[in-house]
Amino acid sequence: MGWWQVNADTLAGSRFVVSTLAEAIASLKTLERGTAAHPGERAWLDAHLPAYRARQASDPITTLLIRAALGRSWNADFLTPTPSDDAEPVFEQELARIRDTPPEAARADLTVSLGGPLPARLHRGDLPQRTADVLEWVWTQAVLPSWPRRRRIIEADVIARTARLSQGGWAATLDDMRPGMRWLGENRLQISTYDYPPRELSGARLMFVPVTPSQTWVSWDTAHRHAVVYPCSGALAESGRAPVPEALGRLLGPARANVLMLLDTPKSTTQLVALTGQGLGSVGRHLKVLLDSRLVRRRRAGRSVFYDRTDAGQMLVSAQSGG
């Protein structure tokens, strides 16, 4: 298995970072693989996959390049640069790091992701430019129109994980962040089940980067900057969630009980409107009653406000759900 040695100071200094480039890369991976993890992702794919495939079909070199860069078990490093330390880096600035990659460095990275020599058609000097161009297309055409909603989902995930950290420590926060990742104790963080050499992160900057597509990877660009990109848990298209218990519906009213049920993780008013199908005014009135009853709490993240259950709210849901 692959694991990182992470001391207490590195963990204490770690931070969550919102990266527009990581969101675009995760979306590119989803488009390239053509598979969806939930109905909302399927709807997004259905809307954008035909145009992506048409673009790639018209450019065989870039098609070959992206497939090589994604590799079988490792991404080409130049495709997935570690985000900057900014709270939310600007997309164009992040993309410039890919565009400015020396061609020889890109080709070297591709031999690693491919696990062998490059095809003759990829022995060329414009690979970084082509990679940046396709990511810019994905961002502009398929991600940017829904970015405000995606950003709210990401912020909700960060709030939920920060709350979990204060309640259960790093093990509770990290164990479900990505498949194969868990806190082993003794300052060891298992990153994956692959047999990679351990890495020492003492004194390094460790960043956790949530994205809304169901994609994940790790990256580092120096010995002092490491990142874990992981799929956040707050997708709007939540399917198969628990129904409102009948007793809870009678107690609070079905619509208000539905809002309380949805607040197992932090959500914004906009998310609740989308999930419940209720109007903005109705959701706002339900939230006010739940806030006044101390069943939910309100917290701010940047420009957004999120709501989640208090301990009393959780106890009420658990009791009525038989849990």
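Residues numbered from 1 in each chain as written. Predicted model: local features only at pLDDT ≥ 70, side-chain atom pairs only at ≥ 80, totals over all residues. Heavy atoms only, no water.

> Outline the sheet that holds strand β6 (residues 205-211), listing residues and values.
Read from one edge of the open sheet, 4 strands run β2-β6-β8-β7, paired in mixed fashion. A single partner strand is all that each edge strand has here, and the edge strands are β2 (15-16) and β7 (217-222). In terms of strand pairing, β2 meets β6 through 2 bridges, oriented parallel. Within β6, the position partnered with Phe 16 by the bridge is Phe 208. (Pairing = 2+ DSSP bridges. Helix = DSSP H or I, 4+ residues; strand = E, 2+ residues; numbered from the N terminus.)

> Give a detailed account of the nonpolar core, specifying residues and quantitative values.
The biggest cluster of nonpolar side chains holds 48 residues, and the ones touching the most others in it are Tyr 52, Leu 110 and Leu 135. With 9 residues, helix α7 (residues 127-143) is the largest single contributor of residues to this core. Tyr 52 has contacts with Leu 28, Leu 31, Glu 32, Ile 66, Val 134 and Trp 137, leaving out every residue within four places of it along the chain. Core analysis: the next-biggest nonpolar cluster, separate from the first, contains 18 residues, Leu 248, Leu 290, Leu 316 and Val 317 among them. (Core = buried A, V, L, I, M, F, W, Y, C linked by side-chain atoms within 4.5 Å. Buried < 20%, exposed > 50% of the residue type's maximum accessible area, 1.4 Å probe, protein only. Contact = heavy atoms within 4.5 Å.)

> Go over the side chain of Gln 56 with me, naming the residues and quoting the values.
Along the chain, Gln 56 falls in helix α3 (residues 39-57). There is a polar contact of 3.3 Å between the side chain of Gln 56 and the side chain of Arg 55. Beyond its immediate sequence surroundings of up to four residues, Gln 56 is in contact with Glu 32, Thr 62, Thr 63, Ile 66 and Val 134. (Polar contact = N/O pair within 3.5 Å; in protein donor to acceptor, adjacent residues only side chain to side chain.)

> A description of the sheet that holds strand β5 (residues 199-200) should follow, citing residues and the corresponding values.
If you walk across this open sheet you meet the 4 strands as β3-β4-β1-β5, and the pairing is mixed. Two strands bound the open sheet, and with one partner strand each, they are β3 (182-185) and β5. In this sheet, β5 lies alongside strand β1 (residues 2-5) in parallel orientation, the contact comprising 2 bridges. If you follow Gln 5 over to β5, its bridge partner there is Glu 200.

> With reference to specific residues and values, describe the packing of α3 against α7.
Packing of α3 against α7 leaves a shortest axis separation of 11 Å and a crossing angle of 150°. α3 and α7 meet at a crossing whose hand is right-handed. Where α3 abuts α7, its residues Trp 44, His 48, Ala 51, Tyr 52, Arg 55 and Gln 56 lie against Asp 133, Val 134, Trp 137, Gln 141 and Ala 142. Split into classes, the residues belonging to the contact of α3 with α7 amount to 6 nonpolar, 3 polar and 2 charged. (Axes fitted to C-alpha atoms, helices over the stretch in contact; angles between N-to-C directions. Left-handed = near helix turned anticlockwise from the far one by under 90°. Nonpolar A, V, L, I, M, F, W, Y, C, P; charged D, E, K, R; others polar.)

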